[in-house]
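Geometric and topological summary
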Amino acid sequence: MNRSDHVALLLRCAELSRIARETGNTPFGALLAGPDGEILLEQGNVEVAENDCTGHAETALVRAASKRWSKAFLASCALYTTLEPCAMCSGAVYWSGIGRVVYGVPERRLLELTGSDERNPTLDLPCRKIFASGQRHVEVLGPFEEVSSQVLAVHAGFWKKAP
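Attention here is on the structure that accompanies the text. Owing to the predicted nature of the structure, the values given are computational and were not obtained by experimental measurement.

A few words now on the pattern of salt bridges. On inspection of all chains with the given rule, the structure shows seven salt bridges. Linking Glu15 and Arg18 is a salt bridge whose minimum nitrogen-to-oxygen distance equals 2.2 Å. One end of the pair, Glu15, and the other, Arg18, are both in helix α1 (residues 3-22), three residues apart, so they sit about a helical turn from each other. According to the relative accessible area criterion, Glu15 is partly exposed, its value standing at 27%. Across the pair Glu112 and Arg109 runs a salt bridge whose closest N-O atoms are separated by 3.5 Å. With a gap of three residues between them, Glu112 and Arg109 both fall in helix α5 (residues 107-114), about one helical turn apart. Of the residues examined, Arg109 reaches a relative accessible area of 33% and is grouped as partly exposed.

Rules behind the numbers
Residues numbered from 1 in each chain as written. Predicted model: local features only at pLDDT ≥ 70, side-chain atom pairs only at ≥ 80, totals over all residues. Heavy atoms only, no water. Salt bridge = Lys/Arg side-chain N within 4 Å of Asp/Glu carboxyl O. Helix = DSSP H or I, 4+ residues; strand = E, 2+ residues; numbered from the N terminus. Buried < 20%, exposed > 50% of the residue type's maximum accessible area, 1.4 Å probe, protein only.

All we've got here are geometric facts, nothing functional implied.
Structure, rendered in structure tokens:
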């Protein structure tokens, strides 16, 4: 896949994050693309709707994907997400066998948005560092600056920053 294909899928994730926000959840979205780039699953955050603190888009997507496909197949797939996966989501991706993560905006940028908002106590732990600690390789592509304005626009006015 070329860069414009990745950008198109990341923009779809931004739309999924908008839908998540409109349904009362925090504004994050993810999708799973197969080996040919076809969208296999889409997911927004569901932590509020399902009263589940682990209901991040990536983790919910990984749960669904791991029930449908083998680790061997998932190794050929890519998880796309609006913002760099947090430590929990990175762990879920790692254990699922998914072979690639593509993200739009880095986790550190999220901390700038959320400040001390209790809805997202951001960890400053890049997904590359988490994956590098494992025994199998997970390819990481990102950030993609060309999608940052669309991704961040969904977060506008959502988070309360520290005074």
